[in-house]
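Overview (structure and organization)
Next come the chains, spelled out residue by residue.
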Amino acid sequence: MAEEKERESKGEIVQPRIGVYVCQCGLNIAGSVDCEEVAKFAATLPDVVLAQYNRYTCSDQGQAGIKNDIKEHKLNRVVVASCSPRLHEPTFRKACEEAGLNKYLFEMANIREQCSWVHLYDRASATEKAKDLVKMAVAKARLLKPAVEIEVPITRKALVIGGGVAGIQAALDLADTGYKVFLIEKEPSIGGMMARIDKTFPTMDCSICILAPKMSDVGHHPNIELLANSEVTEIKGYIGNFHIKVNKKPRYVTKDCSACGECAKVCPIVVPNEFDVGLAIRHAIYTPFAQAVPATYIIDMNSCLNKNGVVVCDKCMKACERKAIQYEMQPEIVELEVGTIIVATGADVFDPSTLPNYGYGKYPNVITSLEFERLINAGGPSGGRLLRPSDGQIPKRVAFIQCVGSRSDRNGRLYCSNVCCMNTIKDSLLIKEHWPETEICVFYVDIRAYGKGFEDLYKRSRKEGVVFIRGLPSEIKEDKKTRGLWLTGENTLRQELYRMNFDLVVLSVGLESRKDSEIIQRLLTLSRNQDGFFLEAHPKLRPVDAATGGIFFAGCAEAPKDIKDSVTQASAAAARAGILMAKGKITVEAITPIVFPDKCKACGLCTKVCPYNAITLNKDLKRIEIAEAACGGCGTCAAECPFGALTQGHFTDDQIISEIDAVTEYDAEKKIVAFCCNWCSYAGADFAGVSRMQYPSNVRIIRTMCSGRVAPKFVERAFARGAAAVLVAGCHLGDCHYINANYQTQKRVERLWKKMEQSGLDRERLQLLWASAAEGERFASKIREMKTLVEKVKPEEIEKTKKAFEKALGGA
């Protein structure tokens, strides 16, 4: 076996000795596949020297059996037919490695999620499909080659973008572990949204009392360099080696500032205070709030009388004893080298002025929950007194309206914002604590008190006399004399209409992705979901990792969440980043491009489609150069090359073609060949299985890392071999795990459609589907739709298509 390894490492062809293991787990009991028959079939396939079935292949005992067989039977390839490779591929790869077999000589056939569980009532067809899937896996395994993963050194410094509570926690955790951390905050002070709220739920603790010590720790920590009033403008590089450019905007006040406040007292300019949501004023020279970090004052040059270096007013400069004010300060570009990045950019709040039926912006006594927080805060514009904006009186009747900007088709935000219900319950108790005679009504859709201590707080609120009415008001009208507000709607529990009058209405506004998320997405080559929040690599197994290596998420940048969950996720992100930096190096999965220099024409097409800019064209040497550490492994470059000079490791052209040939060897005219991307559409097909969504059994799925890997010749090959239909499925446009690689998929499929039309072929036989990992039913529906299409395809159409594409492939 050692001799075979040496020969394979030199590129020599070694006779495959394949072991096939068919796992019964979840198949015979909760599924429909006859595993014994599948194992017997596998034993008849060329190069298979061992085929067996057992109950739990992934168990310690099952893995031990594979290890023993590798040694005893001298296996040099292993195929396991069981669950999804997205679940247990790492498990079996590790077992192979422990037995001395290169982990890239392992392949899986997904006969559970994508076969047994989706064909529960058709055992015969499911078993035949399972045989095909095993046959495809064996065909690919025959052509697998051992691979070595390269090692990349990691710079042991971290960048945290965003100085809210999540960014603060992540920075402190990393700094306390001993790593240098650069914390970037675009606002003049760190603190984020948490610094603006009065109390936290469910404990009712003072928010700033909890946050201020952590802010102070950031400002004084020897391992943290805080860059406030700064923005990231450029990010280059890859995992472990990121080069960052930061625009550090001038404060026009030096660090000599003692924050005495004398300068603000003499400043003649007043403008709305952003920290108080416009409910109070500030001067052109100011500090955002009392506990701000850095404490250094800042001049808002958009408001200051001094413009473009021309000094019109110097009152603040004269008032400053320390001479800390410098009008001539300029922006500074700071360059950083880091190994990991944590994105903690937070979220924005929904603007209810887009909902005219609630009168926000028109009626002064309709306010948002964030404005309420500032009004009731002791450090707020009213000193902690809840006053009606119209007349400064304490309201006697207060209404809270839930789900404003959440769970609504009207504004396109279908998601729950997570924090609104409990925030309202907390706010109602704050009112009752100070003004117990106040009547409070909460108009809701559903009360979601799901967390630790949340239900107790909800019950406490009801006990204090807060009335909960199920049914949101349809509109709010103002009484012009009293400035009171009339709410009209339906109580859906009592099935009766209501019309009620209140002195103050608080709109419980939801959270939404930040408006500058698109900039961060572009800088870091990230993906976002349909709601605009950043998309994690895997919702269960890698919930804080980005698909781009070395980048992690914390807080509301990933999804709406409360303070506790934000802090928890921040510590998790810091731990994940710390693991990478502790190792000092990282291995890159061997699915990067393989170049055949003799075929390369230096056309540069591959460089244009690479989402990671990992390929460069050396014009002098007339060749391409690949930064493997920067490569994401999508395979788009290989699909784009017209000369066959590129392929993708572990997903080579020959391997994919072998799968196509295996599945189309028999009854091709009845089958759908589907190319599915690992992250979304393949995962969606898995989800259909987990959810037991039933669809026709004539589809055969070939997994690629990205739909961008699907070269036109793969589709042409399937049709040339007599396939009835072909499906290319990937992530939704804009949500690709490889940034924008699926746009290349769309272009290629559109070219194929045009080619089919020009040849007089039915383009409907080639389908393009965008489906997320959660859209199992979308995938299942597409297969049902295509089954109907397949049944209408006539034999003469199959033959015509075969001839057309055989000609295109040169007689394949």
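In what follows, the structure referred to is the one given above.
Residues numbered from 1 in each chain as written. Predicted model: local features only at pLDDT ≥ 70, side-chain atom pairs only at ≥ 80, totals over all residues. Heavy atoms only, no water.

**Side note on the sheet that holds strand 37 (residues 725-730)**
Hydrogen bonds between backbone groups are what pair the strands of a sheet, and the pairing can be parallel or antiparallel. Selection rule: Here a strand pair is declared whenever DSSP counts at least two bridges between the two strands. Each helix corresponds to a stretch of at least 4 residues labelled H or I by DSSP, and each strand to a stretch of at least 2 residues labelled E; elements are numbered beginning at the N terminus. Between the N-to-C directions of two axes lies an angle of 0 to 180 degrees, each axis being a line fitted to C-alpha atoms and, for a helix, fitted only over the stretch in contact.
Strand order in the open sheet made by the four strands is 36-35-37-38, with parallel pairing throughout. Both edges of this open sheet fall to strand 36 (699-704) and strand 38 (766-770), since each of them pairs with a single strand only. Sheet twist, expressed as the mean angle between neighbouring strand axes with direction ignored, is 20°. By the bridge criterion, five bridges tie strand 35 (residues 672-677) to strand 37 in an arrangement that is parallel.

**Looking at the side chain of Q648**
Keep this limit in mind: Polar contact is defined as a pair of N or O atoms within 3.5 Å, subject to the rule that within protein one atom must be able to donate a hydrogen and the other to accept it, and that residues adjacent in sequence are counted only when both atoms are side-chain atoms. Contacts were defined at the residue level, with two residues in contact if any of their heavy atoms lie within 4.5 Å.
Looking at the element boundaries, Q648 is found in strand 34 (residues 646-648). From its side chain, Q648 meets the backbone oxygen of I591 in a polar contact 3.1 Å long. For Q648, the contacting residues outside a window of four places in its chain are I591, T592, P593, I594, G633, C634, G635, A638, M705 and R709.

**What about the pattern of salt bridges?**
Side-chain pairs of opposite charge can arise whenever the charged atoms involved come near each other. Basically, it comes down to this: We define a salt bridge as a side-chain nitrogen of Lys or Arg found within 4 Å of a carboxyl oxygen belonging to Asp or Glu. Only protein chains enter the accessibility calculation, which uses a 1.4 Å probe; a residue is then buried when its area is under 20% of its type maximum, exposed when over 50%, and partly exposed in between.
Under the defined criterion, the tally for this structure stands at 53 salt bridges. Residues R112 and E113 are paired through a salt bridge, measuring 2.9 Å at the closest nitrogen-oxygen approach. A relative accessible area of 13% means that R112 is categorised as buried. Two residues, K245 and E234, come together in a salt bridge whose shortest N-O distance is 3.9 Å. Here K245, found in strand 10 (residues 241-248), pairs with E234, found in strand 9 (residues 230-238); they are eleven residues apart in sequence, far enough to count as distant. One connected set of salt bridges, linked through shared partners, spans K186, D348, R413, E512, R514, K515 and D516.

**Regarding empty space enclosed by the protein**
Operational definition: The way it works is a 1 Å grid over only the protein atoms, where trapped points that fit a 1.4 Å probe form a cavity and open points with protein on both sides within 12 Å along at least five of seven lines form a pocket, and then any residue with an atom within 4 Å of a point lines it. Grid points are joined across faces, edges and corners, and a volume is the space filled by probe spheres set on the points. Side-chain classes follow a simple rule in which Ala, Val, Leu, Ile, Met, Phe, Trp, Tyr, Cys and Pro form the nonpolar group, Asp, Glu, Lys and Arg form the charged group, and the remainder, Gly included, forms the polar group. Segmentation of the chain into domains, including their bounds, is taken from an automatic or database domain assignment.
This structure, assessed with the given rule, holds eight cavities of 30 Å³ or more. Counted as a void, the largest cavity has a volume near 190 Å³. For the largest cavity, the lining is made up of 16 residues, of which E107, M108, E659, Y682 and I701 are closest to its centre. Counting residues per element, the ones that place at least two in the lining of the largest cavity are strand 4 (106-110), helix 5 (123-142) and strand 36. Residue classes in the lining of the largest cavity are distributed as ten nonpolar, two polar and four charged. Each of domain 1 (15-149) and domain 6 (651-812) accounts for three or more of the residues forming the lining of the largest cavity. In this structure, the second largest cavity occupies an estimated 100 Å³ of space.

Function-wise, these values are silent; they only describe arrangement.
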